[in-house]
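Fold and geometry: a report
These are the residues of each chain, in order.
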Number of protein chains: 4
Amino acid sequence: MKAVIINFKAYGEGSGEKAVSLSKAVEEVSKKVDFYMAVCPPFVDLSDVIRNVEIDVFAQHADAVGYGSHTARITPEMLKEKGVKGSLINHSERRLRLADIEFLVSKFGELELTSVVCTNNVATTKAAASLKPDYVAIEPPELIGSGIPVSKAEPEIVENSVRAAKDINPDVKVLCGAGITTYEDVVSAIDLGADGVLLASGVVKAEDQKRALEELVGLR
Amino acid sequence: MKAVIINFKAYGEGSGEKAVSLSKAVEEVSKKVDFYMAVCPPFVDLSDVIRNVEIDVFAQHADAVGYGSHTARITPEMLKEKGVKGSLINHSERRLRLADIEFLVSKFGELELTSVVCTNNVATTKAAASLKPDYVAIEPPELIGSGIPVSKAEPEIVENSVRAAKDINPDVKVLCGAGITTYEDVVSAIDLGADGVLLASGVVKAEDQKRALEELVGLR
Amino acid sequence: MKAVIINFKAYGEGSGEKAVSLSKAVEEVSKKVDFYMAVCPPFVDLSDVIRNVEIDVFAQHADAVGYGSHTARITPEMLKEKGVKGSLINHSERRLRLADIEFLVSKFGELELTSVVCTNNVATTKAAASLKPDYVAIEPPELIGSGIPVSKAEPEIVENSVRAAKDINPDVKVLCGAGITTYEDVVSAIDLGADGVLLASGVVKAEDQKRALEELVGLR
Amino acid sequence: MKAVIINFKAYGEGSGEKAVSLSKAVEEVSKKVDFYMAVCPPFVDLSDVIRNVEIDVFAQHADAVGYGSHTARITPEMLKEKGVKGSLINHSERRLRLADIEFLVSKFGELELTSVVCTNNVATTKAAASLKPDYVAIEPPELIGSGIPVSKAEPEIVENSVRAAKDINPDVKVLCGAGITTYEDVVSAIDLGADGVLLASGVVKAEDQKRALEELVGLR
C-alpha cells in the first residue's frame, strides 16, 4: 500500500486543537482509500492526537540521546512509550549529523519504531539508505514549499534516488517529499517508483484541509 | 511565597507515566507547605500532566520562532494553547543565543507566560535580568549534578547575582539552581536572597521521589 | 576618533589575495581621514593581512574555548598570538549563546583583545553592554544587506541603543551596523550618538572598493 | 604509500609558532620514511605553515557554503586559494549534517581538494564511503584520546569498516583514527586493511614531539 504521510510542522493550522481535528480528517479520508495515511503533529500534541485517532501517529523528530540529563530533549524511548509509530529523522528544517542519524535509525530498529529519514538529493539518499531505515524521503531543498512537485521538476531525482536507494538496500521504501499538492503529483511520484509521498503545506495550509486531502488521494 | 521548581529533564524517572505520577506527588506535597511548587516535564508529557494536576506546569524550553514552517519546533504560542504556565529558557543543557533569549522573554510577556531564564554566573545573570524576565535561575556549570549546593560552594555567586539582578531590574525573581538536595540547601539559598530554587536530579533521580520532596521542603 | 570597521565576511571580493589588497586600500584611505579604520578578514587570511598592513586587524569570530582538543575551533589565545587587535563576537551570521558571549568578552579583557559584540535591538544591546565589552554594534536583522541605513530607517533604535548601552556602561562604545553605504549615513549615525560604524557589503561588494571607501569617509 | 595525517586540533602545542615548528618536524621525518605524511593546523596558521613546509597541509574543517555573506565561515574555495591540499570533514569534534558532508565532498571533487570524512562506526563509514570522498577515517568515540588504539580495542571495527567502505566504493581509502600512538599501532592498523592513520594528541601533546613522530613511523 502506498503511503501518504502528512507533516504538520509548526503551523498554527496543525497545532493544538487543530492538530486533533486535522488528524481526524486524515483518519476519515484514509478509510475511503487504498493509501496508508499517517500524521506528524508537534511534540506537544502527540498525546492528544494519539488518544483521538487510530491511524498511525509519527513525531517530527527525535533527539539522538537516551534517557538522562538532557533538558528539553525527546528520546526515542519517550516516543515509544507515548505510543507513536515512528518519526521523521533529519527533516530539511531539522537536519542532523550523520552520526546522530545512524544512532536514531539503529535505536528505532531496536524499539520497533518506524524511521523516515529525509534527504536532499541522490547522493544523500544513497548514504541514508545504507543505514537501513524503513523509509527515505527525498526533499530537494529548492522545491520545498515551492508548489512544484519533485516528480515533475526533477523526475530524474526521484527515479535515480529510488534506484540508488534500492540498489543499496532493496527493503527501503522511498517517499517523494516536496511540492506534492495534487492527486496527479501523487500518481506521478508513484509512477517514478516512489512508495508514497510526504507532504505538509499542501494539506495543512489549505483553506479547506478536508477537501485538499480528498483531492490529494483522488476522491474528487 | 518562595518557589520550588522541578525540572524532569529527559530522565526516565520523569517521563511518560512517571511524569504524571511524579507531578501528582509534587502537587500533594505542595498542599502541605508554604512553597509555590511547579513541574517541568518533557514536551511530550505536558498534555498528560496538565490534565492530571492543578499545580503549574512549565515546559523545559521553547523555540524562538512563531507558527510556521519549522518542523519539530515548539513555539511559545503552542505552549500557551496547551495550558502551560511558562517555560525554562536557556537551560545549561539547551543554551540559546542572546537574540533568541530576548525574543522568547519578550514573546512570553505578550502571551502572559512566565519566563525562567537560566544563567551561569553573575555577569550573565545581570545580562539576563536586563531583558526583564520573570525569573533568572543561576546554575554555575561546575556545580550542576554535583550534589554541592551553589549556596554553599559559592555563596557569593548567589548573593552577587541576586544583587546584580535586582539592581538592574528590581522586579525579577532569582532562583538558585544547582546542587540543591536538602531543606537546609533551600533555606540557605533563601537566606542568601534567592526567591526559590530550581532543581532536578535531587528529586527526580531519588530512590523515593516522594520522600525526597518532603525532605526538600522541610516536611521530614 | 570615530570608528569605521569593515567586515569582509566570506565574500570572494574580500578573501585570499583580495583580502590583502582591500586591507591595503583601507590603510591608504585611513591615512587621509580622521577615522579609526580597521578590517575583519576571514580566519585563513588574518596572517597575510597582518603581515601587509599596519592598521588594526580583527577576526570575524572567536570560539568560546581555550586551547585543547577542539578540532577547527579558533581560541582567543590563537588570535592574540597571531597579532589581531580583537574580534567581532555574536555577528548576526554567527550568533552565540549568552554564556559564550560572556566567556569571550571576559577572556578578551584578560588578553587585552578588543571585543565588538553585535546585537539586534535595544534590549540585546543593553544586555550585551552589561557584560562590559569594548564595543557593541547594533544590526537590526531586517536592515542587514538592505541598503537602508539603520540610522535612517529606525533612528530611534540607534538613539535608544546608545542611551541604553551607556546607561548600563558609560565606557562602552556603540557602532551602527546595518545598511551603511554613504558618508551621509556615517554622519547621521554619529549625529545619533554612535561612536562609529560597522559595515560590509557597501565596501567589499562595491564595483570599485577604493572609491566606495573614499566616498564612505567623505573624501569624494 | 600508507598515510600518516596529524591533526593539530586547537592544542597550544600545535598553534601559532608551534604549528610551524611541528610541521617542519613532520616534514623532516617524512623524508626518512616511506609514509605519506601531512599536517592539519588551525585555520589561522594555514598560511604560515604552507609558506614554511613542502609537505601537504590540510584544514581541520570547511564550511558547507560558497563565497558570500557568511561571517566567519571558511569556504572550500578559500582553502583552495590558500594552497591547502584538502581538509578533514565531519571530525568527531565538529560533526556535520549529512547534507553538508555531501556538499563538501562534492565541492572538494570539483576543486580537486582531498576529502577526509571522519566517521564513528561501521554503518556511518559505509554511508560516508557512498558519497565518494578520497578518504574515510574511523574514530570510535569511546576510544578518542583514550590511548587505546582502535586496531586493538576493536579490530573488527577496522576490518568491517574497511570491507564495508570498499564494497561500496573500491577507490576510497580508509584511515584508522583513534588511539594511535606507537609504530605497533600503525602496523596493526595497516595489517587490518587500513590505508593509514589519522592521529592527534599522540604526537602534538607528546613531551618530545619529534621523538614521538620518529617512534610512530618506526625510526626508533
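Sequence order sets the numbering: in each chain, residues are counted from 1 along the sequence as written. The lettering of chains begins at A and the numbering of ligands begins at 1, in the order of writing. The predicted nature of this model means local features are confined to residues of pLDDT at least 70 and side-chain atom pairs, given and counted, to a pLDDT of 80 or more, with totals for whole chains, interfaces and linings taken over all residues. The side-chain quantities take in all heavy atoms of the structure and omit both hydrogens and water.

So, the pairing of strand β7 (residues 173-176) of chain A
All names here are of chain A. For two strands to count as paired, DSSP must find a minimum of two bridges between them. A run of H or I in DSSP becomes a helix once it reaches four residues, and a run of E becomes a strand once it reaches two; helices and strands are each numbered from the N terminus. In the sheet, strand β6 (residues 135-138) pairs with β7 via four bridges, with the strands oriented parallel. Residue pairing for β7: Tyr135 is matched across the bridge by Lys173. Pairing analysis gives two bridges linking β7 to strand β8 (residues 196-199), with the strands arranged parallel. Bridging from a neighbouring strand, Leu175 pairs with Gly196 of β8. Think of it like this: strands point away, you trace from the first strand over the helix to the second, and a clockwise trace means the crossover is right-handed. On the question of chirality, the crossover connecting β7 to the parallel β8 by way of helix α8 (residues 183-191) is right-handed.

Regarding helix α1 (residues 17-32) of chain C
All names here are of chain C. In a regular helix each residue adds 1.5 Å, so 16 residues correspond to 22 Å; α1 covers 24 Å between its end C-alpha atoms and thus fits that length. Buried within α1 are the following residues: Ala19, Val20, Leu22, Ser23, Ala25, Val26, Glu27, Val29 and Ser30. Turning to α1, the residues buried within the fold contact β1 (3-7), β2 (36-40), α2 (46-52), α9 (201-204) and α10 (209-216). To estimate the expected span of a helix, count its residues, drop one, and scale the result by 1.5 Å. Three labels apply to residues, based on accessible area from a 1.4 Å probe with only protein chains included: buried if under 20% of the type maximum, exposed if over 50%, partly exposed otherwise in between. Residue contacts are counted whenever heavy atoms from the two residues lie within 4.5 Å of one another.

Overview of the packing of helix α1 (residues 17-30) of chain D against helix α10 (residues 209-216) of chain D
All names here are of chain D. Fitted lines through C-alpha atoms give the axes, limited to the stretch in contact for helices. The angle between two N-to-C directions lies from 0 to 180 degrees. Running from N to C, α1 and α10 cross one another at 35°; their axes reach a closest spacing of 10 Å. α10 is crossed by α1, and the crossing has right-handed handedness. Within the contact between the two elements, α1 uses Leu22, Ala25, Val26, Glu28 and Val29 and α10 uses Gln209, Lys210, Leu213 and Glu214. Residues are grouped as follows: Ala, Val, Leu, Ile, Met, Phe, Trp, Tyr, Cys and Pro are nonpolar; Asp, Glu, Lys and Arg are charged; every other residue, Gly included, is polar. By residue class, the composition of the contact of α1 with α10 is five nonpolar, one polar and three charged. Whether a crossing is left-handed or right-handed is set by the direction in which the near helix is turned from the far one by less than a right angle, anticlockwise for left-handed and clockwise for right-handed.

Let's talk about the relation of the copies chain A and chain B
The least-squares superposition of copies is restricted to C-alpha atoms, and to residues with a pLDDT of at least 70 in both copies. With an RMSD of 0.0 Å, the fit of chain A onto chain B corresponds to turning through 180° and sliding 0.0 Å along the axis. Taken together, these values place the two copies in the relation of a two-fold axis. For chain A, the smallest separation between a C-alpha atom and the rotation axis is recorded for Val44(A), amounting to 2.5 Å. By residue overlap, the copies meet face to face through one surface: 100% of the interface positions of chain A are interface positions in chain B.

A few points about the packing of aromatic side chains
Each Phe, Tyr or Trp ring (for Trp, its six-membered ring) is paired with any other whose centre lies within 6.5 Å, and the angle between the two planes then decides the class: stacked below 30 degrees, edge-to-face above 60, tilted in between. One pass over the structure, following the stated rule, counts two aromatic pairs over all chains. Ring centres 6.4 Å apart and planes at 10° place the aromatic pair Phe43(A) and Phe43(B) in the stacked group. Of this pair, Phe43(A) sits in the loop between β2 (35-40) and α2 (46-52) while Phe43(B) sits in the loop between β2 (35-40) and α2 (46-52), each in a different chain. Each member of the pair, Phe43(A) together with Phe43(B), is buried.

Concerning the environment of Thr114(C)
Residue and element names in this part refer to chain C. Counting through the fold element by element, Thr114 comes out in strand β5 (residues 114-119). Accessibility expressed as a relative area gives 13% for Thr114, which makes it buried. Note: C-alpha distance between Thr114 and Val84 (30 residues apart in sequence) is 9.2 Å. The contact partners of Thr114, leaving out residues within four places of it in the chain, are Phe58, Lys85, Gly86, Ser87, Phe108, Asp134 and Tyr135.

Looking at the environment of Glu215(B)
All names here are of chain B. Turning to its location among the elements, Glu215 is positioned in helix α10 (residues 209-216). Classification of Glu215 as partly exposed rests on a relative accessible area of 33%. It is 9.4 Å that separates the C-alpha atoms of Glu215 and Glu184, two residues lying 31 residues apart in sequence. When near neighbours in sequence (up to four residues on either side) are disregarded, Glu215 contacts Tyr183 and Arg220.

A short note on the interface of chain A and chain D
Across the contact, 18 residues belong to chain A and 18 residues belong to chain D. Once two parts are put together, the accessible area they lose, assessed with a 1.4 Å probe and summed over both, is termed the buried area. For the pairing of chain A and chain D, the buried interface totals around 1,600 Å² over both sides, and the portion due to carbon and sulfur atoms is 67%. Per-residue buried area on chain A facing chain D is highest for Arg95(A), Arg97(A) and Leu98(A); these three make up 32% of the total on that side. The term salt bridge refers to a side-chain nitrogen of Lys or Arg lying within 4 Å of a carboxyl oxygen of Asp or Glu. The interface formed by chain A and chain D includes zero salt bridges. Polar contact is defined as a pair of N or O atoms within 3.5 Å, subject to the rule that within protein one atom must be able to donate a hydrogen and the other to accept it, and that residues adjacent in sequence are counted only when both atoms are side-chain atoms. At the junction of chain A with chain D, the criterion picks out four residue pairs in polar contact (both at pLDDT 80 or more). For the side of chain A that touches chain D, the secondary-structure elements that each account for two or more residues are α4 (98-111) and α5 (122-129) of chain A. Counting residues per element, the side of chain A that touches chain D draws most heavily on α5(A), at five residues. Residues belonging to the side of chain A that touches chain D are distributed by class as follows: nine nonpolar, five polar and four charged.

A short note on the arrangement of the chains
There is no contact between chain A and chain C; across them, the least C-alpha separation is 16 Å. Nothing in chain B touches chain D, and the closest approach of their C-alpha atoms is 16 Å.

Overview of the sheet that holds strand β2 (residues 35-40) of chain D
Residue and element names in this part refer to chain D. What the eight strands build is a closed barrel, ordered β1-β2-β3-β4-β5-β6-β7-β8; its pairing is parallel. Recorded for the sheet is a direction-independent mean angle of 25° between the axes of neighbouring strands. Of the strands in this sheet, β1 (2-7) and β2 are in contact with α1, which crosses β2 at around 175°.

Comments concerning the pattern of salt bridges
This model, assessed by the stated rule, comprises 55 salt bridges over all chains. Across the pair Glu13(D) and Lys205(D) runs a salt bridge whose closest N-O atoms are separated by 3.5 Å. One end of the pair, Glu13(D), is in the loop between β1 and α1; the other, Lys205(D), is in the loop between α9 (201-204) and α10, with 192 residues separating them in the sequence. Using a relative accessible area of 29% as the deciding quantity, one classes Glu13(D) as partly exposed. What you see here is one network of salt bridges that share partners, running through Asp45(A), Asp48(A), Arg51(A) and Lys82(B).

What to know about the sheet that holds strand β8 (residues 196-199) of chain C
In a beta sheet, neighbouring strands are held together by backbone hydrogen bonds and run either parallel or antiparallel to one another. All names here are of chain C. On the basis of which strands lie adjacent, the closed barrel formed by eight strands has the order β1-β2-β3-β4-β5-β6-β7-β8 and parallel pairing. Pairwise comparison of adjacent strand axes, ignoring direction, gives a mean angle of 25° for this sheet. Against the sheet, helix α4 (residues 98-111) makes contact with β4 (86-89) and β5, and its axis sits at roughly 165° relative to β4, the strand it touches most.

What to know about the interface of chain A and chain B
With 34 residues of chain A in contact, the opposing surface of chain B contributes 34 residues. Three residues stand out in chain A for area buried against chain B, namely Ala10(A), Val44(A) and Thr71(A), and they jointly supply 23% of the buried area on that side. The interface formed by chain A and chain B includes four salt bridges. Two residues, Lys82(B) and Asp45(A), come together in a salt bridge whose shortest N-O distance is 2.6 Å. Summed over the shared surface of chain A and chain B, the result is 26 residue pairs in polar contact (both at pLDDT 80 or more). For the side of chain A that touches chain B, the elements supplying multiple residues, two or more each, are α2 and α3 (76-82) of chain A. For the side of chain A that touches chain B, the class distribution of residues is eleven nonpolar, 13 polar and ten charged.

Comments concerning α10(B)
Residues and elements named next belong to chain B. All buried positions along α10 are accounted for by Gln209, Ala212, Leu213, Glu214 and Leu216. For α10, the secondary structure elements touched by its buried residues are β1 (2-7), α1 (17-30), β2, α8 (183-191), β8 (196-199) and α9 (201-204). Where α10 ends, the next residue or the one after it, Gly218, has phi of about 85°, a positive value.

Quick notes on the confidence of the model for chain A
Across chain A, pLDDT averages 94, with 99% of residues at or above 70. Model confidence for the complex is summarised by a pTM of 0.94, with the ipTM given as 0.95. pLDDT expresses how confident the predictor is about each individual residue, on a scale running from 0 to 100.

A look at unusual backbone geometry
Backbone phi values are negative for most residues with the exception of glycine, while trans is the configuration of most peptide bonds. One non-glycine residue, Lys9(A), adopts positive backbone phi at about 50°. Tracing the chain through its elements places Lys9(A) in the loop between β1 (2-7) and α1 (17-30). Even without a glycine there, the phi angle at Glu112(D) is positive, about 55°. You can see Glu112(D) is positioned in the loop between α4 (98-111) and β5 (114-119).

Section: the side chain of Ser115(C)
Note that Ser115(C) resides in strand β5. Excluding residues within four positions of it along the chain, Ser115(C) makes contact with Ser87(C), Ile89(C), Val105(C), Phe108(C), Pro133(C), Asp134(C) and Tyr135(C).

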